[in-house]
Amino acid sequence: SQTIHQWPATLVQPVGSPLSLECTVEGTSNPNLYWYRQAAGRGLQLLFYSVGIGQISSEVPQNLSASRPQDRQFILSSKKLLLSDSGFYLCAWSVSYHGLISGNTIYFGEGSWLTVV
Amino acid sequence: GENVEQHPSTLSVQEGDSAVIKCTYSDSASNYFPWYKQELGKRPQLIIDIRSNVGEKKDQRIAVTLNKTAKHFSLHITETQPEDSAVYFCAAPYKAAGNKLTFGGGTRVLVKP
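The present account deals with the structure reproduced in this document. Only a predicted model underlies this, so the values are computations on that prediction, with no experimental measurement involved.

Considering all chains together, one arrives at two disulfides over all chains under this definition. Here cysteine 23 of chain A is linked by a disulfide to cysteine 91 of chain A, with a sulfur-sulfur distance of 2.0 Å. The chirality of the disulfide connecting cysteine 23 of chain A with cysteine 91 of chain A is left-handed, given an S-S dihedral of about -75°. A residue pair is termed long-range when its members are at least 10 positions apart, and cysteine 23 of chain A in strand E3 (residues 19–26) and cysteine 91 of chain A in strand E9 (residues 87–94) qualify at 68 residues. What pairs with cysteine 23 of chain B in a disulfide is cysteine 90 of chain B, and their sulfur atoms sit 1.9 Å apart. In this structure, the disulfide formed by cysteine 23 of chain B and cysteine 90 of chain B twists by about -95° around the S-S bond and is classed as left-handed. With cysteine 23 of chain B in strand E3 (residues 19–24) and cysteine 90 of chain B in strand E9 (residues 86–94), the pair connects residues that are 67 residues apart, well separated along the chain. On the accessibility criterion, cysteine 23 of chain B (0% relative accessible area) is buried. Assessed through its relative accessible area of 0%, cysteine 90 of chain B is described here as buried.

Have a look at this one:
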């Protein structure tokens with residue numbers, strides 16, 4: 001069966017510090033991968049998605065970046081965090097459809113709580 | 001882009017009563033409609049989904065109905081229990097944007113004992 005893991009689960013970072021969140025998926029090949037952010041009490045905002053290694057699409061302009069160095073690894077980074085970057089970050093995956101987004105079920109990781117102070 | 005509107009934003013029900021959440025979508029090509037439940041501090045988890053070739057699907061106390069003509073779908077929870085308290089999200093794929101799921105704004109459901 002497929003599983004998704006992301007870490008760290010929680011972190012508190014000072015403004016201006018770097019960020020790295022990592023996510024891995026097991027039990028499937030060539031998944032579509034996603035990074036979402038959820039501000040406290042708010043909805044799900046899609047930040048990045050990827051249909052393959054090295055292929056990253058950004059949904060919103062921001063000081064965050066994403067990378068996919070391996071088929072089942074997705075990394076969210078920032079060189080300098082802002083206060084507004086605080087939130088609940090969720091990695092997710094879905095089955096690929098011929099290398100494209102399938103429009104099917106998205107499965108979320110456990111999430112990472114980021115507090116920028 | 002695809003616009004998925006979800007109502008109500010909050011819903012308070014008495015334990016044992018029914019809860020209904022409705023979503024409307026704009027892309028007539030959408031063919032898959034999942035519902036996610038997010039408990040406090042946890043990740044969203046799929047609870048039920050429906051494809052465009054059926055009008056209703058049930059799983060124990062939850063059901064989803066789809067009206068493709070009117071472009072809306074609804075989540076029905078019967079005999080609500082305190083553990084049903086959570087935020088619920090609907091979603092639909094947007095074909096013109098590469099089939100990515102677009103989520104509704106969420107409904108916070110509170111079941112009062």
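Okay, back to it.
So, on to the pattern of salt bridges. Residue and element names in this part refer to chain A. Throughout the structure, instances matching the rule amount to six salt bridges over all chains. Taking the shortest distance from any N to any O, the salt bridge between aspartate 85 and arginine 37 comes out at 3.6 Å. One end of the pair, aspartate 85, is in the loop between strand E8 (73–78) and E9; the other, arginine 37, is in strand E4 (residues 32–38), with 48 residues separating them in the sequence. In this structure, arginine 68 engages aspartate 71 in a salt bridge whose closest nitrogen and oxygen atoms are separated by 3.3 Å. Look at arginine 68 and you get buried, because its relative accessible area is 3%. Since its relative accessible area comes to 22%, aspartate 71 is described here as partly exposed.

Now for the packing of aromatic side chains. Two descriptors summarise a pair of aromatic rings, namely the distance from one centre to the other and the angle between the planes of the rings. All names here are of chain B. Per the stated rule, a full pass over the model turns up 13 aromatic pairs over all chains. With a centroid separation of 4.8 Å and an interplanar angle of 45°, the aromatic rings of phenylalanine 33 and phenylalanine 73 are classed as tilted. One end of the pair, phenylalanine 33, is in strand E4 (residues 32–38); the other, phenylalanine 73, is in strand E8 (residues 72–77), and 40 residues separate them in sequence. Judged by its relative accessible area of 0%, phenylalanine 33 is buried.

The rules behind each value
- Residues numbered from 1 in each chain as written.
- Chains lettered and ligands numbered in written order.
- Predicted model: local features only at pLDDT ≥ 70, side-chain atom pairs only at ≥ 80, totals over all residues.
- Heavy atoms only, no water.
- Disulfide = S-S within 2.5 Å.
- Helix = DSSP H or I, 4+ residues; strand = E, 2+ residues; numbered from the N terminus.
- Buried < 20%, exposed > 50% of the residue type's maximum accessible area, 1.4 Å probe, protein only.
- Salt bridge = Lys/Arg side-chain N within 4 Å of Asp/Glu carboxyl O.
- Phe/Tyr/Trp six-rings, centres within 6.5 Å; stacked < 30°, edge-to-face > 60°.

Honestly, it's all geometry; don't read function into it.
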